[in-house]
Amino acid sequence: MAGYTENELAKDLADKEYQYGFISEIDSDVVPAGLNEQVIHLISAKKNEPAWLLDYRLKAFEVWKTMTEPEWAHVAYQKPDFQAISYYAAPKQTKKFESWDEVDPEMKETMAKLGISLEEQQRLTGVAVDFVMDSVSVGTSFKAKLAELGIIFCSFSEAVQEHPALVKQYLGTVVPTTDNFYAALNSAVFSDGSFCYIPKGVRCPMELSTYFRINAGGTGQFERTLVIADESSYVSYLEGCTAPQRDENQLHAAVVELIALNKAEIKYSTVQNWYPGDKEGKGGIFNFVTKRGLCEAHAKISWTQVETGSAVTWKYPSCILKGDYSVGEFFSVAVTNNYQQADTGTKMIHLGKHTKSTIISKGISAGHSQNSYRGLVQIHKQADHARNFSQCDSLLMGSICGAHTFPYIECKNASAQIEHEATTSKIGEDQLFYCQQRGISEEKAISLIVNGYCKEVLNQLPMEFAVEAQKLLSISLEGSVG
Amino acid sequence: MLKITDLHASINGTEILKGLSLEIKAGEIHAIMGPNGAGKSTLASVLAGKEDYEVTSGTITFEDQDLLEMSIEERAREGVFLAFQYPVEIPGVSNVNFLKTAINEIREHKGIPALSAKDFLRLVKEKSALVDLDASLASRAVNEGFSGGEKKRNEIFQMAMLEPKLAVLDETDSGLDIDALRIVARGVNTLKSANNATLVITHYQRLLDHIIPDFVHVLYDGKIVKTGGKELALALEEKGYDWIKSAE
Ligand SMILES: Nc1ncnc2c1ncn2[C@@H]1O[C@H](COP(=O)(O)OP(=O)(O)OP(=O)(O)O)[C@@H](O)[C@H]1O
Ligand SMILES: [Mg+2]
């Protein structure tokens, strides 16, 4: 019986402005703006990377130069000027910390403002947090405990130094550099991110969690995440983010690759709360992310996402169901308000026999926003007895917002079973009146109704994350009715 | 407690209430009867503050306050409760969560601290027993998939949880089987005190066998055209409304 709207939520609701909109004053080591081969050499050298990785970056850059930005997403925005962005910013203090006492107090304060004091997180929730501030990971906890089980959970840069063979074997195998414009850009200039490896037969005993945060002004952030679950292993991975309030648009183009080997399972949950721009649509983060997972036989990958932030979101966490009997799931809540635009969905690529996928998408639009679901279910010729179930629901608040659904189905095997359901509803005046008649304020009523509407997806999230997600939904829909 | 004077209200430009006056004192039970379309639910909605209705003239005072100046939730928090003729479904929101939110909003309004989870659960147990509401219904989503009778019983359960000063029951008896009718009546009677009042809207005299009204009013064409005691309900049952119409 989790309470959706407790007193603490009431306080959050009273606090109208974007609560994480502050800028911390840590010295950043910023590479001059612009993108060329020299910059890539510089990034690679700063990170002390092996030659093969520099090579990988340069090849990606060559490919990127020949590509053009995708136009087909149902979004309109001022395209970023790629030469005006600085491609690397690391907090100056990059030495490794032995204990959290050594961490810059201001950085700790930043984390406290985010409500994710590491000590608390560690002690109370048993979550190992790898906090990424700008582009360099500043500390990884619980490492020792994880190491006992042979689990590797560290920053991407560290993995390059400590586990180069694993990185080299899997990097770019799910999202090739040629995949799309933003993936190519990321492959050329990625700064840092997270790396995770779960050995054969190991069940990771805690949720692995990374908090991302864009900090230095004008710095695009290009994380790279690689999660490898070896045969018969299990891991639940959490990614959450917030960003400081800014006047100019900031670009974010991450790449996440998941690899689930035979019988492995990966649960990947995201709560995305980047600055969406102000009420007029000014400022805000551009979020162009490529997330994809590969399932070998009997493996399972679940993506769960709650998207409330960003000015423009373009994101399709996908599953390649390569192995027979593999399973892909996608649970999504995308909220847009004011002038936000979201074009999100998933791709389920069925290659193996008896593969199964489930898609549950809940879109909520308010204000002048546009919210699109774009999903592809592809059943290949050899994928006998593949099954898909898709459900795409849209909830409209007010009459000037838009909800769009673009389900694409490509089926090349007659034994496939595909079901698709879609609904569009308006938040009911009757429901609001009913709540208000019981003494519940309109804002809180909306939050209750919306959380109820998203319950199937929120239920997929780990407990603490679900609570956070519920708050975010309420905050991002404030003032959207009436 | 409640004083309605010469109330005129319309919806989409059509006048529905045409000079209605009614006074209810603490400790009283009033019944309103009247033909379909007379304006009974309209009166309930106007009391609750539904925005679709425009009050063109007249006054409503509730506990010495101008009710018409208050928002929907303020009225509710001050103790006006409406048991809906057609209770609304809210998918995904459990009854208990809904009520916990409501109770704590009301308590906050009154400046009393929120109910602890333990006390809240104790209250749920006590009040659901009062209306014989199955424990599983309390934890299910608000009215979702409830049978007609279960929805009505759930309204009384909510009333018992919120303990309003003025409860307006809009045809809570319709669709109830004999046992459920008794249970609902028992709920209303148990909650009755010298400090609260109930306005029962009904078509059937049988409810009034269980909830004994102090006054029975006939609402016809937007006005109260006749007021009497319990015996008026019996007369109506026997003779129908034509008798009132022709007497007018
Ligand atoms: N949105 C509306 N537009 C126009 N007329 C309306 C609207 N809503 C209600 N009415 C009319 O108002 C009148 C009173 O309706 P109301 O629901 O108050 O009747 P009632 O006395 O509760 O009837 P019943 O016994 O059938 O429940 C009816 O004639 C109805 O058609
Ligand atoms: Mg009615």
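This text goes with the structure placed above it.
Chemist: Summarise the pattern of salt bridges; cite the residues concerned and give the values.
Modeler: Residues and elements named next belong to chain A. In this structure the tally under the stated criterion is 25 salt bridges over all chains. In this structure, Glu 296 and Lys 322 form a salt bridge, with 3.0 Å as the shortest nitrogen-oxygen distance. Linking Glu 296 in the loop between strand E13 (285–295) and strand E14 (300–307) with Lys 322 in the loop between strand E16 (318–321) and strand E17 (327–336), this pair joins segments that are 26 residues apart in sequence. Judged by relative accessible area, which is 18%, Glu 296 ranks as buried. Residue Lys 322 is classed as partly exposed on the basis of its relative accessible area, which comes to 41%. Each of Lys 362, Asp 393 and Glu 456 takes part in salt bridges that share partners, so that together they form one network.

Chemist: So what's going on with the sheet that holds strand E10 (residues 197–201) of chain B? Which residues, and what values?
Modeler: Residue and element names in this part refer to chain B. Pairing is mixed across the open sheet formed by 6 strands, whose spatial order is E6-E9-E10-E3-E11-E12. Looking at the sheet topology across the chains shown, the edges are occupied by strand E6 (80–83) and strand E12 (223–228). Neighbouring strand axes in the sheet, compared pairwise and without regard to direction, differ in orientation by 20° on average. With respect to the sheet, helix H6 (residues 148–162) is in contact with E6 and strand E9 (166–170), its orientation differing from that of E6 by roughly 165°.

Chemist: Explain the pairing of E12(B) residue by residue, including any values.
Modeler: Residues and elements named next belong to chain B. Here strand E11 (residues 215–220) pairs with E12 via 5 bridges, running antiparallel. Within E12, the residue paired with Leu 219 across the bridge is Ile 224. Between the end of E11 and the start of E12, which pair antiparallel, lie 2 residues, with Asp 221 showing a positive phi angle near 50°.

Chemist: Tell me about the side chain of B:Asp173, residues and numbers included.
Modeler: Residue and element names in this part refer to chain B. Position of Asp 173 among the secondary structure elements: in the loop between E9 and helix H7 (178–191). Within the buried set, Asp 173 has no salt-bridge partner at all; the shortest N-O distance to an opposite charge, 4.9 Å, is to Arg 206. Here Asp 173 is in contact with Leu 181, Ile 201, Thr 202, Tyr 204, Arg 206 and Leu 207, once residues within four sequence places are set aside.

Chemist: Can you break down unusual backbone geometry residue by residue, with the values?
Modeler: A positive phi angle, near 55°, is found at A:His354, a position not held by glycine. By the secondary structure assignment, A:His354 is in the loop between strand E19 (347–350) and strand E20 (356–365). On the basis of relative accessible area, A:His354 is assigned to the partly exposed category, the value being 34%. Even without glycine at this site, B:Glu63 takes up a positive phi of about 50°.

Chemist: Before we move on, could you go through the sheet that holds strand E2 (residues 14–24) of chain B and cite the residues and values that matter?
Modeler: Residues and elements named next belong to chain B. Pairing is antiparallel in the open sheet, where 4 strands are placed in the order E2-E1-E4-E5. At either margin of the open sheet sits one strand with a lone partner, and together these are E2 and strand E5 (65–66). Across 8 bridges, the pairing between strand E1 (residues 2–11) and E2 is antiparallel. By the bridge assignment for E2, Ile 11 is matched with Thr 14.

Chemist: Run through the site of ligand 1, naming residues and quoting values.
Modeler: Residue and element names in this part refer to chain B. Gly 37, Lys 40, Ser 41, Thr 42 and His 203 are the nearest of the 14 residues found near ligand 1. One nitrogen or oxygen atom from the side chain of Thr 42 is found 2.5 Å from an oxygen atom belonging to ligand 1. The side chain of Gln 85 places a nitrogen or oxygen atom 3.3 Å from an oxygen atom of ligand 1. Relative to its unbound accessible surface of 640 Å², ligand 1 loses 63% to contact with the protein. Take the shell around ligand 1: its biggest share by element is 3 residues, from helix H1 (residues 40–48). Residues that form the shell around ligand 1 fall into these classes: 4 nonpolar, 8 polar and 2 charged.

Chemist: How would you sum up H1(B)? Please name residues and give values.
Modeler: What sets the pattern is the α-helix's 3.6 residues per turn: residues three or four places apart point alike. Burial of H1(B) is extensive: 8 of the 9 residues sit out of reach of the surface. Those residues of H1(B) lying buried are B:Lys40, B:Thr42, B:Leu43, B:Ala44, B:Ser45, B:Val46, B:Leu47 and B:Ala48.

Reading guide: rules and limits
Residues numbered from 1 in each chain as written. Chains lettered and ligands numbered in written order. Predicted model: local features only at pLDDT ≥ 70, side-chain atom pairs only at ≥ 80, totals over all residues. Heavy atoms only, no water. Salt bridge = Lys/Arg side-chain N within 4 Å of Asp/Glu carboxyl O. Helix = DSSP H or I, 4+ residues; strand = E, 2+ residues; numbered from the N terminus. Buried < 20%, exposed > 50% of the residue type's maximum accessible area, 1.4 Å probe, protein only. Pairing = 2+ DSSP bridges. Axes fitted to C-alpha atoms, helices over the stretch in contact; angles between N-to-C directions. Contact = heavy atoms within 4.5 Å. Lys, Arg positive; Asp, Glu negative; His and termini not counted. Near = heavy atom within 4 Å. Polar contact = N/O pair within 3.5 Å; in protein donor to acceptor, adjacent residues only side chain to side chain. Areas by Shrake-Rupley, 256 points an atom, 1.4 Å probe, with all protein chains shown as cover. Nonpolar A, V, L, I, M, F, W, Y, C, P; charged D, E, K, R; others polar.

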